[in-house]
Amino acid sequence: MDFVRVFYSPLKIDYNTKKWVYYFLAAIVLSYITLFLNFHYHSGEIINAITERLSGLSPEEKEKILKMLTVKSLLIRSSIGVVFTAVFQLLFFSGIFYLILLFTGEENFSKALFTSSIYSYIKAAGRMLSFLLSLIFGVFPFKTDLSIFYGGEGFIKGFLSSLDFFTIYGFVICAIILKKDDRNSRVYVIIWLFVLLMIWAVLMGIFYRLRS
């Protein structure tokens, strides 16, 4: 089954211009399941995390926001956000994959869209796994990025937080799918994706440094 095979044998995934819809819908379904389960088991931690971010506001602003800070309202807003985030991520990475295909001599937006939907699916599966691990180990949120190996703050913290395991794994899978018939080009695609990831990590590191 391709929904399982994509994680361990991406070379056997059949490229189909219409299949991207299935992966995209699967990503949304997994995201909603994870969202509802997180609110069911961790609503208190979620509200506390948001409350901590309000420490810099005036008492009037803080009180106004706290009145709207209910599990129901947060769940509704988060549910709407899932769809918008999924669509934005699909289009954003489709554009990136399409540009990479152009640089490697292939003009095929449908393949970029197909690969982007698979990336969304892998990321959604990663969030689901993080939730399951949070239940098993009693840690919320359960981090799957490299910042778990660093206890400090600032630039390095932000940099490592951007290097999530499922982001890295998803990029490798996407590179294989984009160039499954051309091993040499596949290496260049992986390099391009990791250069972009490093640029993003540096920007996030700078953001964390300025914020701290």
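Residues numbered from 1 in each chain as written. Predicted model: local features only at pLDDT ≥ 70, side-chain atom pairs only at ≥ 80, totals over all residues. Heavy atoms only, no water.

## Remarks on the confidence of the model for the protein chain
Model confidence for the protein chain is summarised by a mean pLDDT of 86, while 90% of its residues fall at 70 or above. Model confidence for the protein chain, summarised as mean pLDDT per element, is weakest for helix H3 (residues 59–68) at 66 and strongest for helix H5 (residues 109–137) at 94. (pLDDT = per-residue confidence, 0-100. Helix = DSSP H or I, 4+ residues; strand = E, 2+ residues; numbered from the N terminus.)

## Section: the packing of helix H4 (residues 71–103) against H5
Orientation of H4 relative to H5, taken along the N-to-C sense of each, is 130°, at an axis distance of 8 Å. On the basis of their axis angle, the class for H4 and H5 is oblique. Taken as a pair, H4 and H5 cross one another with a handedness that is right-handed. Across the interface between the two elements, Gln89, Leu90, Phe93, Ser94, Phe97, Tyr98 and Leu101 from H4 touch Phe109, Lys111, Ala112, Leu113, Thr115, Ser116, Ser117, Tyr119 and Ser120 from H5. Residues belonging to the contact of H4 with H5 are distributed by class as follows: nine nonpolar, six polar and one charged. (Axes fitted to C-alpha atoms, helices over the stretch in contact; angles between N-to-C directions. Parallel < 35°, antiparallel > 145°, perpendicular 65-115°, else oblique. Left-handed = near helix turned anticlockwise from the far one by under 90°. Contact = heavy atoms within 4.5 Å. Nonpolar A, V, L, I, M, F, W, Y, C, P; charged D, E, K, R; others polar.)

## Concerning the environment of Tyr188
Counting through the fold element by element, Tyr188 comes out in helix H8 (residues 183–211). Taking C-alpha positions, Tyr188 is 31 Å from Phe84, a pair spaced 104 residues apart along the chain.

## Observations concerning the packing of aromatic side chains
This model, assessed by the stated rule, comprises 21 aromatic pairs. With 6.0 Å between their ring centres and 20° between their planes, Tyr32 and Phe36 make a pair best called stacked. In this pair, Tyr32 and Phe36 both sit in helix H2 (residues 20–52), four residues apart, roughly one turn of the helix. Considering the side-chain rings of Phe93 and Phe97, the 6.1 Å spacing of their centres and the 35° angle between planes classify their relative orientation as tilted. Here Phe97 and Phe93 lie together in helix H4, a separation of four residues that amounts to about one turn. The exposure class assigned to Phe93 is buried, which follows from its relative accessible area of 12%. Note on Phe97: relative accessible area 0%, which makes it buried. A network of ring pairs unites the aromatic residues Phe88, Phe92, Phe93, Phe97, Tyr119 and Phe171 as a single cluster. (Phe/Tyr/Trp six-rings, centres within 6.5 Å; stacked < 30°, edge-to-face > 60°. Buried < 20%, exposed > 50% of the residue type's maximum accessible area, 1.4 Å probe, protein only.)

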